[in-house]
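# Structural characterization, general
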Amino acid sequence: LRRKLEKKEGDIYLITTSRLNHKNATDDIISAIKYLPENICLLVLGVGEDGAKLQDMANKLGLSKRIKFIGFVDHKDIPKYLAISDIFIRPSRSEGFGNSFIEAMASGLPVIATPVGGIVDFLDDKDTGLFCSPDNPKSIADAVMFLLNNNEDKQRIIIKAKTRAITEYNWDKIARDMKE
C-alpha cells in the first residue's frame, strides 16, 4: 500500500475517513495543507455529495499532488490505511459518537479533532488527542505541527488514547455494559 500510494521516506501522511459532506469539514483539512511542509500529504477515504467539490478545491489550491482521494474503502481494509498513516484528522462541525476516532486511537494514531458533540466524551485535549478549532484550517495545521515537533508529547498521547480505546470501547465491555 505504501508503494501504491507512493509514500517515500520522510513523508507524513495525514488521514481522514468519513462521508464527504459539510459536517465532516474535509474542506478545512484541505485548506490546512497549504500551511504545512511539502512532505505532508492527506489521504481522504470516503465518498459523499461534496467529493467532486473537494477535489476541485484541491486542484484550485494547487494541492492535488499532496491530497489523495481514495474513495470508498471497505471497512475491513481501513486498518491498512491507518497503519501507513501518521495522524488522523476529522475537524467535524458536528458529531455524534464517531467510531472512526476510536478506531484511529486503537490503531496507535494521534487524533486531531474539534471539541464538538460526542467527541469530548472520549478525547481530552493534549491527553488522548488534540483539539483544533472548528472552521479553522490554521488551527489544524498548528495541531499537526505540534505533534510533529513534540515527539514525547505525541507518544504519551498515543499510549493514553490507545489504552482508552482498548479498555473503554472494546466490544466485550460495551456488550457487558449494555447487558447490565
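Residues numbered from 1 in each chain as written. Predicted model: local features only at pLDDT ≥ 70, side-chain atom pairs only at ≥ 80, totals over all residues. Heavy atoms only, no water.

What follows deals with the overall build of the protein chain. From N to C terminus, the protein chain includes seven helices and six strands. Element order for the protein chain, N to C, with α for helix and β for strand: β-α-β-α-β-α-β-α-β-β-α-α-α. Taken over the C-alpha trace, the protein chain has a radius of gyration of 16 Å; the compact-globule value for 180 residues is 16 Å, and the two agree within 12%. Dimensions of the protein chain, computed from the C-alpha atoms along their principal axes, are close to 55 × 35 × 30 Å. Scored against the burial criterion, the 180 residues of the protein chain give a buried share of 49%. Here the contacts in the protein chain between residues at least 6 apart in sequence split such that 68% fall between residues at least 24 apart. On the protein chain, roughly 9,200 Å² of surface is accessible, and the fraction owed to carbon and sulfur atoms is 51%. Charge separation in the protein chain, taken as the distance between the mean sites of 27 positive and 26 negative side-chain charges, equals 4 Å. (Helix = DSSP H or I, 4+ residues; strand = E, 2+ residues; numbered from the N terminus. Rg over C-alpha atoms; globule rule 2.2 N^0.38 Å. Buried < 20%, exposed > 50% of the residue type's maximum accessible area, 1.4 Å probe, protein only. Contact = heavy atoms within 4.5 Å. Areas by Shrake-Rupley, 256 points an atom, 1.4 Å probe, with all protein chains shown as cover. Lys, Arg positive; Asp, Glu negative; His and termini not counted. Charge placed at Lys NZ, Arg CZ, Asp CG, Glu CD.)

As summarised here, the arrangement of the six strands in space is S3-S2-S1-S4-S5-S6, forming an open sheet in which the pairing is parallel. Of all strands in the sheet, those bounded by a partner on one side alone are strand S3 (67-71) and strand S6 (130-131). Across four bridges, the pairing between strand S2 (residues 40-45) and S3 is parallel. Looking at the pairing, Leu-42 lines up with Ile-67 of S3. Sitting on the sheet, helix H4 (residues 99-106) touches strand S1 (12-17), strand S4 (87-90) and strand S5 (111-113), and the angle it makes with S4 is about 170°. Taken strand by strand, helix H5 (residues 137-149) contacts S1, S2, S4, S5 and S6, and its axis lies near 160° from that of S4. (Pairing = 2+ DSSP bridges. Axes fitted to C-alpha atoms, helices over the stretch in contact; angles between N-to-C directions.)

Function-wise, these values are silent; they only describe arrangement.
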